[in-house]
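So the chains spell out like this:
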Amino acid sequence: MTQFVTIASDGLTARINPLGAELWSLTDARGDEWMTDADPAFWTGHAPVLFPIVGGLADGRYRLEGREYALARHGFARSSRFDVISAGTDHATFRLADSPETRATYLFAFALDLMFRIEGMTLRMQATVTNTGDAPMPFSFGFHPAFAWPLPGGAARAAHRITFAEPEPQPVRRLDPASGLVLPDPQPTPVSGRELLPDAGLFEADALIWDTLASRALTFGAPGGGEIAIAMPDTPMLGIWQKPGAAYLCIEPWQGIADPLGWTGDFRDKPGVINLAAGASHALRMDVTVMPV
């Protein structure tokens, strides 16, 4: 049986599954759940970690220096067991390192650390990717948390909105339904000024994707109801997604996206990929602040 790691403050409790270093639950002092109900009729994920790719690859394969390698959608971190490096009352750190299994599909030596810390009503999450090899290492990374929709607090589902820190007039990207790859033609944004009114119909064609996001923070919630504030200072891209009709909304800060439709280039040159120097580290942070009624 999986032994979850629990961290807490006076106002907030988080439960993390070492399988995938995945946040499964975020509850307030009243016991209200701010994460997905993981209804298997829709999607059983909670907050998977996307590494070393975000999204899908053309034919499930990437090209690197003239050779091809298979790698499953969103990579292998979400289905890998992380070691618990440290754990205290209000913090925990998990680590995934390369192994013969990972090197069969991803050639590089790495360490991926996921740090969780609760401060008051804020859960801070930081991913640190370290290149432990001797050659530059290409990678992408994404957070994929699914929040309750509606959030606790009694506000109607239809009253919920996402408010970005900055205006977001730029077009969004959508996925090809047959391949799951990014379509070449941008689509008009559903954001009005700084506000997006999510509706199940927006997700009939899968995720909304911003590949040139202006904001590094947003809020989700409804007037008179509970809200969450999200800070994402290190990720220039964003996905918002749900299975239509489900009781969750995924708000996903990304460094990287799926292959563009027709992409045949080298993995190092793919949009959103970071090429990390040997011995270097790169950190990506996401903070979630819970604001009950």
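Model, not experiment: these values are computed from the prediction. (Residues numbered from 1 in each chain as written. Predicted model: local features only at pLDDT ≥ 70, side-chain atom pairs only at ≥ 80, totals over all residues. Heavy atoms only, no water.)

A. Structural context of the overall build of the protein. Looking only at helices and strands, the protein has one helix and 22 strands in total. Here the C-alpha radius of gyration of the protein, 18 Å, is about what a compact globule of 293 residues would show, namely 19 Å. In terms of overall dimensions, the protein has a C-alpha envelope of 55 × 45 × 35 Å along the principal axes. Here the protein holds 293 residues, and the buried ones make up 51% of them. Taking all contacts inside the protein whose residues are at least 6 apart in sequence as the whole, residues at least 24 apart take part in 65%. Looking at the protein as shown, the accessible area adds up to about 11,800 Å², and 53% of this sits on carbon and sulfur atoms. Separation of charge centres in the protein, based on 22 positive and 33 negative side chains, amounts to 2 Å. (Helix = DSSP H or I, 4+ residues; strand = E, 2+ residues; numbered from the N terminus. Rg over C-alpha atoms; globule rule 2.2 N^0.38 Å. Buried < 20%, exposed > 50% of the residue type's maximum accessible area, 1.4 Å probe, protein only. Contact = heavy atoms within 4.5 Å. Areas by Shrake-Rupley, 256 points an atom, 1.4 Å probe, with all protein chains shown as cover. Lys, Arg positive; Asp, Glu negative; His and termini not counted. Charge placed at Lys NZ, Arg CZ, Asp CG, Glu CD.)

B. Broad picture of the packing of aromatic side chains. Within this structure, the stated rule accounts for 17 aromatic pairs. In textbook terms, an aromatic cluster arises when at least three aromatic residues are bridged by ring pairs, as seen for Phe51, Phe76, Tyr106, Phe108, Phe110 and Phe139. The ring of Trp149 carries Arg157 above its face, with NZ or CZ at 3.9 Å from the centroid. (Phe/Tyr/Trp six-rings, centres within 6.5 Å; stacked < 30°, edge-to-face > 60°. Lys NZ or Arg CZ within 6 Å of the ring centre and 35° of its normal.)

C. Spatial organisation of the pattern of salt bridges. Within the structure shown, the criterion is met by eleven salt bridges. A salt bridge links Arg30 to Asp32, with the nearest nitrogen and oxygen atoms 3.5 Å apart. We note a salt bridge from Arg95 to Asp113, for which the minimum N-O separation is 2.6 Å. You can see Arg95 sitting in strand β8 (residues 91-97) and its partner Asp113 sitting in strand β9 (residues 110-119), a full 18 residues away along the chain. Overall, Arg95 belongs to the partly exposed group, its relative accessible area being 33%. Each of Glu119, Arg124, Arg285 and Asp287 takes part in one network of salt bridges that share partners. (Salt bridge = Lys/Arg side-chain N within 4 Å of Asp/Glu carboxyl O.)

D. Looking closely at the nonpolar core. Core analysis: the biggest nonpolar cluster contains 70 residues, and Phe51, Tyr106, Leu112, Phe164 and Trp210 have the highest contact counts within it. A per-element tally of this core places β9 first, with five residues. In this structure, Trp210 is in contact with Phe164, Glu168, Gln170, Val172, Thr189, Val191, Leu196, Pro236, Met237, Leu238 and Ile240, ignoring residues within four places of it in sequence. By size, the runner-up hydrophobic cluster in this structure holds 16 residues, among which are Leu175, Ile209, Ala246 and Cys250. (Core = buried A, V, L, I, M, F, W, Y, C linked by side-chain atoms within 4.5 Å.)

E. Structural detail: the sheet that holds strand β18 (residues 227-231). Reading across from one edge, β7-β8-β9-β10-β22-β18-β17-β14-β15 is the order of the nine strands in this open sheet, with antiparallel pairing throughout. The sheet terminates laterally at β7 (83-87) and β15 (195-196), the two strands that pair on one side only. With five bridges joining them, β18 and strand β22 (residues 281-291) adopt antiparallel strand pairing. Bridged to Glu227 within β22 is Met291. (Pairing = 2+ DSSP bridges.)

F. Just the sheet that holds strand β2 (residues 12-17), in detail. Overall, antiparallel pairing links the three strands, which are arranged β1-β2-β3 in an open sheet. What marks the edges here is a single partner per strand, and that holds for β1 (5-8) and β3 (22-28). Between one strand and the next, the sheet's axes are offset by a mean angle of 20°, whatever the strand orientation. The pairing of β1 with β2 spans four bridges and is classified as antiparallel. When the sheet's bridge partners are listed, Thr6 is paired in β2 with Arg15. (Axes fitted to C-alpha atoms, helices over the stretch in contact; angles between N-to-C directions.)

G. Empty space enclosed by the protein, seen in detail. The final tally for this structure, using the stated rule, is one cavity of 30 Å³ or more. For the largest cavity, the calculated volume is near 70 Å³. Lining the largest cavity are Ala21, Leu23, Ala47, Pro48, Val49, Leu114, Phe116, Met125, Phe143, His144 and Pro145. (1 Å grid on protein atoms, 1.4 Å probe; cavity = no way out; pocket = protein on both sides within 12 Å on 5 of 7 lines; lining within 4 Å. Points joined across faces, edges and corners; volume = space filled by probe spheres on them.)

H. Quick peek at the pairing of β2. Hairpin connection from β1 to β2: three residues lie between these consecutive antiparallel strands. Connecting the antiparallel pair β2 and β3 is a turn made up of four residues, with Gly20 showing a positive phi of about 85°.

I. Just the environment of Leu202, in detail. Residue placement: Leu202 occurs in the loop between β15 and β16 (208-210). Leaving out residues up to four positions away in the same chain, Leu202 has contacts with Arg174, Pro190, Leu196, Leu197 and Leu208.

J. Representation of the environment of Ala280 in the model. Relative to the elements of secondary structure, Ala280 occurs in the loop between β21 (274-276) and β22. Distance in space between the C-alpha atoms of Ala280 and Thr132 is 7.8 Å, their sequence separation being 148 residues.

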